[in-house]
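Spelled out, the chains give:
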Amino acid sequence: MSALAASRSFDDRLNPILVKEVRQALRGRYFRALFWLTLGVATLVGLTIVAQAGSHGARTGVGRSFFMLMYGCLSAAVLAFTPFSAFLATSAEWDENTHDLLVLSNLRPRRIVYGKLLSALVQALLYFSTFGPFLVFAFLMNGVDLLSIAVLLVTSFAACATLSLLGIAMASLSPAKAPRVLLMAVFGVALVIAWGFSMSFSAFVTFQPNELRDPMALPSIVAFVVACLLLGGVFAALAVARLSHDEENRSSGLRVLSAAIVLVAALFGLWMELEFGQSEFAWGLQLAVLLPLAILWLLFVCEPERLGRHVVRHVSPHPWLALLTAPFLPGGGRGVALMALHMLLGLGAVFVVRLIPGADAAELSQALIGLALVYAYAWIYLALPAAFASLLPPKLSTRVMTRVTILCGIPMLVLLPPLAGLVLGIPSWMEFLHPLNPLFPLRELSSGRAFTSIEKLGFLVATVVAILANTPRMTHGFAEVLAASRARRAALAQPS
Amino acid sequence: MSLLDVRAISKRFGALKAVDAVSFQVGPGQICGFIGPNGAGKTTTMRICATLELPDEGDVRIDGLSVLSEPRDARRRIGFMPDSYGAYSSTTIFEYLDFFARAYELTGARRREVLARVIEFTGLGELTEKEITSLSKGLKQRLCLAKTLLHDPPVMILDEPAAGLDPRARVELRELVKALAQMGKAILISSHILTELAEMCSSVVVIERGQIKGGGAVGEVVRALQPTTTLFLRALEGPQACERRLLEQRGVSKVRLERDGVCFEFEGDADGQATLFAELASSGLRPIELAQQGKNLEDLFLSLTEGKLQ
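Because the structure is a prediction, the values reported are computed rather than measured. (Residues numbered from 1 in each chain as written. Chains lettered and ligands numbered in written order. Predicted model: local features only at pLDDT ≥ 70, side-chain atom pairs only at ≥ 80, totals over all residues. Heavy atoms only, no water.)

Peer 1: Requested: an account of the overall build of chain A, with residues and values cited.
Peer 2: The number of helices and strands found in chain A is 20 helices and zero strands. Its C-alpha atoms give chain A principal-axis dimensions of roughly 75 × 65 × 50 Å. Of the contacts formed within chain A by residues at least 6 apart in sequence, a portion of 81% connects residues at least 24 apart. With the model as given, the accessible surface of chain A reaches about 23900 Å², and the carbon-plus-sulfur share is 74%. Here chain A contributes 34 positively and 24 negatively charged side chains, and the mean placements of these two sets differ by 10 Å. (Helix = DSSP H or I, 4+ residues; strand = E, 2+ residues; numbered from the N terminus. Contact = heavy atoms within 4.5 Å. Areas by Shrake-Rupley, 256 points an atom, 1.4 Å probe, with all protein chains shown as cover. Lys, Arg positive; Asp, Glu negative; His and termini not counted. Charge placed at Lys NZ, Arg CZ, Asp CG, Glu CD.)

And the structure:
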């Protein structure tokens, strides 16, 4: 009796989306057809290889081939079919007109996204358990060692979760069918590329198993899994934002995650310096996370300035706490403040590593200057146009146009001088060595060239203009948070 | 106190003002018919009420909660049935309702009890194992209504629930909606079938080109629109004699021959009508039929709207 009660209690706690999607998957044709197809192909290929091995007697080589083929089928299932089904499941909410019904239910957007992820992971686990005996068989044939199998399973599971979240986020972007078909095509290509990478990695692990015993292997795998988790978190936060009500907080989750990316990169750089004496990780990682951060900054700095009516009710009544959390609240001005905070954290992280005895202080000093220069480009390229766009009427179409213009404008600014160099015959421009390229200062610093006074002045002026142009909206953003905090204090002081 | 309180909401889509300062209220136990031509702004207004669209101006209170500052709490009190109802593929009726019951945080025995009650109320009992995709439109509408009732919302917003239904399914739906109103729910319902609404609504709101053209209790609105009463008179003396005598009376206008009697407008209350009939009898007219011809919702709709599209 108690077992029945426990099972019912467990059943009640299950995510409703997970229950629905598993039921749908088991009854639907897509999952069943792909599952049996994958299993059939794997069995057929496996039997063929084993039959060949019997005739040739070369067990190790055959074992490796057997493993590669089995892993190829498994990774196709978990890195392509499963994330793609997550995309289709989310997309179906728009197509089957159930999206509105879903958001009107008591399910919070976060629970909806996690439900979609969980159902994708359940499908992946089903594939893993199905292919488990094949992988064990490959091990018994001396095709691969247990460490390699473990590494491949862990990394492919992490990648499956991240790609599924990417699929969910992409499918949630547009209710219109045409853009979603385009997104589906892009996602499909991305999945094929991911599967290609996984096959290359499996070949590397299978044919050079000793590489996994290198001291740098574990940190690399940990870094990969952590990067998957962080990126997955960003995709989840994006999907949650898309499913939230317009007046709710659609930004703070992404903002916290973006700060986590900077902090994790900082901590990882510090650990690499302390453990392995690798100073370049300190600034290299900060540089590496700039691309995802730049995309997030672009979203933040172009947000409407006003706090949502629902968000205002959740600002801390304590003025200092409200001020401290202000960069994490929605709004373009506060987004610029968050960007500044990220930059300070990134520079601070490199500076801390520089203080460690034994660290390459000269290299890190130079890296600090280079990193500061790249950050300055972010101000000029992202915050400056966003500041001007914030003067336009606060419409969705204006925001979209601003983001698209900036997104397309930056590559244009980097690509145009090389094209002009081609016409004008300027070799350095043709090699991307021009001041509009954000990586140009790094290259110049590493080659030891000192910047001219005009270059320094031009750069300084542009950065100061970008900061000054954003100062009013940053000030207004903080003032609005303080006003909301005051209002909440006043509301709390009133007798109920 | 009204359960649904729409306060001067406006919504623009580019240059088009889809909803322009719309206000109305629906109280507990009321069924409010929301009528207007295609593109009048009915669905946009309903979606704003259901927290699915954001108004540019104004607010909507659901059981006292603002859809802007407390959208999540307001949603718990709304049962919204969209014009394009959602149905999951590869899902049975029971699985569909069970999913939404879980989504509304109903657990254990309570969930099973609510599911049984809703299935019985909507008459879906024998079909629970049928796949949704194989259902007729009428059954899908019933299923969608069942889903809307799972969390027992005090406010129900039904957008064109009778569209595409056969006469029997319409009658069944009407009875279900009436039963819901008797439970004390505030119901806002839009429909193109005005006779349907006339039979179930206690009040109406007429909207055209995003603006409210009129509204209130059905009888009051009709009376306000028509200060005169349309009457039909037939007498043994024939229609010509009726016409002559009527034209001599005060408050009588628009006298016209119709069938074997006359139709006319009379400006006056019930006492005035009684006096008129007495005077006609005293003048030697022997009436054999006297009938009041009331305006219906269709007349009301046509007189309020101009049929302009936007």
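Peer 1: Can you lay out the overall build of chain B for me, pointing to particular residues and giving the numbers?
Peer 2: Of the regular secondary structure elements, chain B holds eleven helices and 14 strands. For the C-alpha atoms alone, the extent of chain B along its principal axes is close to 80 × 45 × 35 Å. A total of 310 residues make up chain B; the buried ones form 54% of that total. Looking at chain B alone, contacts between residues at least 24 apart form 68% of all its contacts between residues at least 6 apart. Only carbon and sulfur atoms are counted for the fraction: they give 48% of the accessible area of chain B, which is about 13300 Å². (Buried < 20%, exposed > 50% of the residue type's maximum accessible area, 1.4 Å probe, protein only.)

Peer 1: Could you give me a rundown of the packing of helix α5 (residues 137–149) of chain B against helix α6 (residues 167–182) of chain B, with the residues and numbers involved?
Peer 2: Residues and elements named next belong to chain B. Between α5 and α6, the least distance of the axes is 10 Å, while the angle of their chain directions is 10°. Judged by the angle between their axes, α5 and α6 are roughly parallel. Between α5 and α6 lies a crossing of right-handed hand. Between α5, through Gly138, Arg142, Leu145 and Leu149, and α6, the contact on the second element is made entirely by Ala169, Glu172, Leu173, Leu176 and Leu180. Each residue belonging to the contact of α5 with α6 can be placed in one class, and the counts come to six nonpolar, one polar and two charged. (Axes fitted to C-alpha atoms, helices over the stretch in contact; angles between N-to-C directions. Parallel < 35°, antiparallel > 145°, perpendicular 65-115°, else oblique. Left-handed = near helix turned anticlockwise from the far one by under 90°. Nonpolar A, V, L, I, M, F, W, Y, C, P; charged D, E, K, R; others polar.)

Peer 1: Pulling in residues and values, what's your account of the interface of chain B and chain A?
Peer 2: Opposite the 40 residues of chain B that make contact, chain A presents 32 residues. Of the roughly 3500 Å² buried between chain B and chain A, counting both surfaces, carbon and sulfur atoms make up 52%. When the buried surface of chain B facing chain A is broken down by residue, Arg72, Tyr88 and Arg102 of chain B rank first, second and third, together holding 20% of it. There are five salt bridges connecting chain B and chain A. Two residues, Glu95 of chain B and Arg27 of chain A, come together in a salt bridge whose shortest N-O distance is 2.5 Å. For the pair chain B and chain A, the number of links is 14 residue pairs in polar contact (both at pLDDT 80 or more). The greatest single-element share of the side of chain B that touches chain A, amounting to seven residues, is contributed by helix α3 (residues 93–103) of chain B. (Buried area = accessible area lost by both parts, 1.4 Å probe. Salt bridge = Lys/Arg side-chain N within 4 Å of Asp/Glu carboxyl O. Polar contact = N/O pair within 3.5 Å; in protein donor to acceptor, adjacent residues only side chain to side chain.)

Peer 1: Outline the sheet that holds strand β5 (residues 65–66) of chain B, supporting the account with residue identities and numerical values.
Peer 2: Residue and element names in this part refer to chain B. The sheet built from four strands is open, its strands ordered β2-β1-β4-β5 with antiparallel pairing. In this open sheet, the two edge strands, each paired with only one partner strand, are β2 (16–26) and β5. Bridging between strand β1 (residues 4–13) and strand β4 (residues 57–62) involves five bridges; their strand directions are antiparallel. Among the inter-strand pairings, Val6 is bridged to a residue of β4, identified as Val60. Sheet strands in contact with helix α1 (residues 42–49) are β1, β2 and β4, and its direction is about 120° off that of β1. (Pairing = 2+ DSSP bridges.)

Peer 1: For the sheet that holds strand β8 (residues 186–190) of chain B, give the residues involved together with the corresponding values.
Peer 2: Residues and elements named next belong to chain B. Pairing within the open sheet is mixed, and its six strands lie in the order β6-β7-β8-β3-β9-β10. Pairing within the sheet leaves two strands with one partner each, and these edge strands are β6 (78–81) and β10 (211–217). When the angles between neighbouring strand axes are averaged without regard to direction, this sheet yields 15°. In this fold α5 packs onto β6 and β7 (155–159), with an angle of close to 165° to the strand it touches most, β6. Sheet strands in contact with α6 are β3 (31–35), β7 and β8, and its direction is about 155° off that of β8.

Peer 1: How would you explain the packing of aromatic side chains if you had to name every residue and give the values?
Peer 2: Counting across every chain of the model gives 20 aromatic pairs over all chains. Within the aromatic cluster, the residues linked to one another by ring pairs are Phe31, Phe35, Trp36 and Tyr127 of chain A. Just above the ring of Phe99 of chain B sits the side chain of Lys20 of chain A; from NZ or CZ to the centre is 5.6 Å. Geometry around Phe300 of chain A places Arg255 of chain A over its ring, the cationic atom sitting 4.9 Å from the centre. (Phe/Tyr/Trp six-rings, centres within 6.5 Å; stacked < 30°, edge-to-face > 60°. Lys NZ or Arg CZ within 6 Å of the ring centre and 35° of its normal.)

Peer 1: Break down the environment of Val62 of chain A for me, citing the residues and quoting the values.
Peer 2: Residue and element names in this part refer to chain A. Tracing the chain through its elements places Val62 in helix α4 (residues 59–95). When the C-alpha positions of Val62 and Ser202 are compared, they lie 15 Å apart, and in sequence the two are 140 residues distant. Excluding residues within four positions of it along the chain, Val62 makes contact with Ile49, Ala53 and Met141.

Peer 1: An account of the environment of Leu79 of chain A is needed here, citing residue identities and associated values.
Peer 2: Residue and element names in this part refer to chain A. When you line up the elements, Leu79 lands in helix α4. The class for Leu79 is buried, based on a relative accessible area of 2%. Sequence spacing of Leu79 and Thr162 is 83 residues, and the spatial spacing of their C-alpha atoms is 9.5 Å. Those residues in contact with Leu79, other than ones at most four positions away along the chain, are Ser156, Ala159, Cys160, Leu163, Leu191, Ala194 and Ser198.

Peer 1: An account of the pairing of β2 of chain B is requested, with residue identities and associated values reported.
Peer 2: All names here are of chain B. Where β1 and β2 come together, seven bridges link them in antiparallel fashion. Following the sheet pairing, Arg12 is matched in β2 by Lys17. Counted between consecutive antiparallel strands, the loop separating β1 from β2 contains two residues, among which Gly14 sits at a positive phi close to 65°.

Peer 1: Quick one: what's the story with the pattern of salt bridges, residue by residue and with numbers?
Peer 2: The final tally for this structure, using the stated rule, is 30 salt bridges over all chains. We note a salt bridge from Asp95 of chain A to Arg180 of chain A, for which the minimum N-O separation is 3.1 Å. Placement of the pair is Asp95 of chain A in helix α4 and Arg180 of chain A in helix α8 (residues 177–207), with a sequence separation of 85 residues. Across the pair Asp98 of chain B and Arg102 of chain B runs a salt bridge whose closest N-O atoms are separated by 2.9 Å. Here the residue Asp98 of chain B and the residue Arg102 of chain B both occupy positions in helix α3, the gap between them amounting to four residues, near one helical turn. Of the two residues, Asp98 of chain B and Arg102 of chain B, neither departs from the other in class, the shared state being buried.

Peer 1: Give me the lowdown on the pairing of β8 of chain B, citing residues and values where you can.
Peer 2: Residues and elements named next belong to chain B. Burial runs high along β8: five of the five residues are buried. Alternating positions in β8 separate into two faces, Ala186, Leu188 and Ser190 on one and Ile187 and Ile189 on the other, with burial throughout. Summarising the sheet, β3 and β8 pair through four bridges and their orientation is parallel. What sits directly across from Ile31, in β8, is Ile187. Note on the crossover from β7 through α6 to β8: the handedness is right-handed. (Right-handed = clockwise from strand over helix to strand, strands pointing away.)

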